[in-house]
Amino acid sequence: MSFKFSCADCAAKFCQQHELDKLPPDCPTRNVGSEAFKAMYSDADMQMAHMAALTECDGYGVHTRLEDTMGFAHRMGYKKLGIGFCTGFSREAAILIKILRSTGFEVESACCKCGSVKKEFIDIDQQHQINKNRDFEIMCNPAGQAEYLTSRGCELCIILGLCVGHDTLFIRHCNAPVTVLSGKDRVMAHNPIGALYQADSYLSRVHTFIKDTFG
Ligand code: SF4
């Protein structure tokens, strides 16, 4: 397998110190350049980046991600928020919507099963259902969640516990900005990074998974 250097392989992080004369080969800062990167920001992007930086500064090491989410939305002047959640996170969604409403936001939500479309629509047969004993299962509908929330005028959509791939579709179909409060990881108590923190013991499991899955 060929190895290609990238940021994750770079321990020095010269970009962080603005030491541009020391940039390694095949470095994004060297390849593209600061000016070209700056040109990628529209005025709206600049404003969002500004508010995100203020949110980061204000809450650094103090605010939870939920507090940061509310702070960022408030700074951006968003009045109406949308929650796209997994039905497995129904309890959490009910708590979240109460908190957001109590702080003055108008909030809409859409669960992943909205639309009540059977999995046969996406060519999933009974053998590939989660519960193989049921005649049918309802598919997750991330495209529908996202489009519904944006059609209702949500100015910022919050992903809560969507599965891998479903979150991808949600983001693709959402015309409003998206942020993630939580991903889905049924093994790691919905803290996917836990797998990285125990990488020493976990890596052998990853290798087994890759061998079993990809041969
Ligand atoms: S941008 Fe360049 S210096 Fe910064 S982490 Fe990536 S490779 Fe390293």
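As the structure is a computational prediction, the values presented were derived from the model and not from experiment.

Basis of the calculations
Residues numbered from 1 in each chain as written. Predicted model: local features only at pLDDT ≥ 70, side-chain atom pairs only at ≥ 80, totals over all residues. Heavy atoms only, no water. Helix = DSSP H or I, 4+ residues; strand = E, 2+ residues; numbered from the N terminus. Buried < 20%, exposed > 50% of the residue type's maximum accessible area, 1.4 Å probe, protein only. Near = heavy atom within 4 Å. Nonpolar A, V, L, I, M, F, W, Y, C, P; charged D, E, K, R; others polar. Pairing = 2+ DSSP bridges. Right-handed = clockwise from strand over helix to strand, strands pointing away. Phe/Tyr/Trp six-rings, centres within 6.5 Å; stacked < 30°, edge-to-face > 60°. Lys NZ or Arg CZ within 6 Å of the ring centre and 35° of its normal. Axes fitted to C-alpha atoms, helices over the stretch in contact; angles between N-to-C directions. Contact = heavy atoms within 4.5 Å. Parallel < 35°, antiparallel > 145°, perpendicular 65-115°, else oblique. Left-handed = near helix turned anticlockwise from the far one by under 90°. Core = buried A, V, L, I, M, F, W, Y, C linked by side-chain atoms within 4.5 Å.

(A) Focus on the environment of A44. Here A44 is to be found in helix 4 (residues 43–59). Of the residues examined, A44 reaches a relative accessible area of 52% and is grouped as exposed. Separated by 31 residues in the primary sequence, A44 and R75 place their C-alpha atoms 14 Å from one another.

(B) Highlighting the site of the ligand. Around the ligand lies a shell formed by F5, C7, C10, K13, F14, C15, L23, P24, C27, P28 and T29. Every element with two or more residues in the shell around the ligand is listed here: helix 1 (14–17) and helix 2 (28–32). Its residues placed into classes, the shell around the ligand shows 9 nonpolar, 1 polar and 1 charged.

(C) Focus on the pairing of strand 3 (residues 156–162). Counting buried positions along strand 3 gives 7 out of 7 residues, so the element sits mostly inside the fold. Here strand 1 (residues 80–85) pairs with strand 3 via 5 bridges, running parallel. For G84, the partnering residue across the bridge sits in strand 3 and is I159. By the bridge criterion, 5 bridges tie strand 3 to strand 4 (residues 178–183) in an arrangement that is parallel. Looking across to strand 4, one finds that L160 is bridged to S182. Note on the crossover from strand 3 through helix 8 (residues 166–173) to strand 4: the handedness is right-handed.

(D) Broad picture of the packing of aromatic side chains. Summed over all chains, the structure comprises 1 aromatic pair. Considering the side-chain rings of F72 and Y78, the 6.4 Å spacing of their centres and the 75 degrees angle between planes classify their relative orientation as edge-to-face. Each member of the pair F72 and Y78 is classed as buried. Cation over ring: K118 sits above F136, and NZ or CZ is 4.7 Å from the ring centre. Sitting over the face of the ring of F136, R134 holds its NZ or CZ atom 4.9 Å from the ring centroid.

(E) Structural context of the sheet that holds strand 3. The 4 strands are arranged 2-1-3-4 in an open sheet whose pairing can be described as parallel. Each end of this open sheet is capped by a strand with a single partner; those strands are strand 2 (106–111) and strand 4. Each strand of the sheet is rotated relative to its neighbour by a mean of 20 degrees, with strand direction disregarded. Here helix 5 (residues 65–76) sits on the sheet in contact with strand 1, strand 3 and strand 4, set at roughly 170 degrees to strand 4. Strands strand 1, strand 2, strand 3 and strand 4 of the sheet are contacted by helix 6 (residues 90–102), whose axis makes an angle of about 175 degrees with strand 1.

(F) Focus on the side chain of T29. Position of T29 relative to the elements: it lies in helix 2. On the accessibility criterion, T29 (17% relative accessible area) is buried. Discounting residues that sit within four places of it in the chain, T29 has contacts with C15, L20, L23, S34 and F37.

(G) Looking closely at the packing of helix 4 against helix 5. In the contact formed by helix 4 and helix 5, the axes pass within 9 Å of each other and the chain directions differ by 140 degrees. The pairing of helix 4 with helix 5 is recorded here as oblique in orientation. The two elements helix 4 and helix 5 cross, and the hand of that crossing is right-handed. Counted together, Q47, M48, M51, A52, L54, T55, D58 and G59 of helix 4 and D68, G71, F72, R75 and M76 of helix 5 form the full contact between these two elements.

(H) Quick look at the nonpolar core. Ranked by size, the top nonpolar core spans 32 residues in total, and within it L81, I83, L100 and F170 carry the most contacts. When residues of this core are traced back to their parent elements, those giving at least two are helix 5, strand 1, helix 6, strand 2, helix 7 (142–151) and strand 3. If you tally residues by element for this core, the top one is strand 3, at 6 residues. When near neighbours in sequence (up to four residues on either side) are disregarded, L100 contacts M70, L81, I83, F105, V107 and I158.

It is worth stressing that arrangement in space is one thing and function is another; only the former is reported here.
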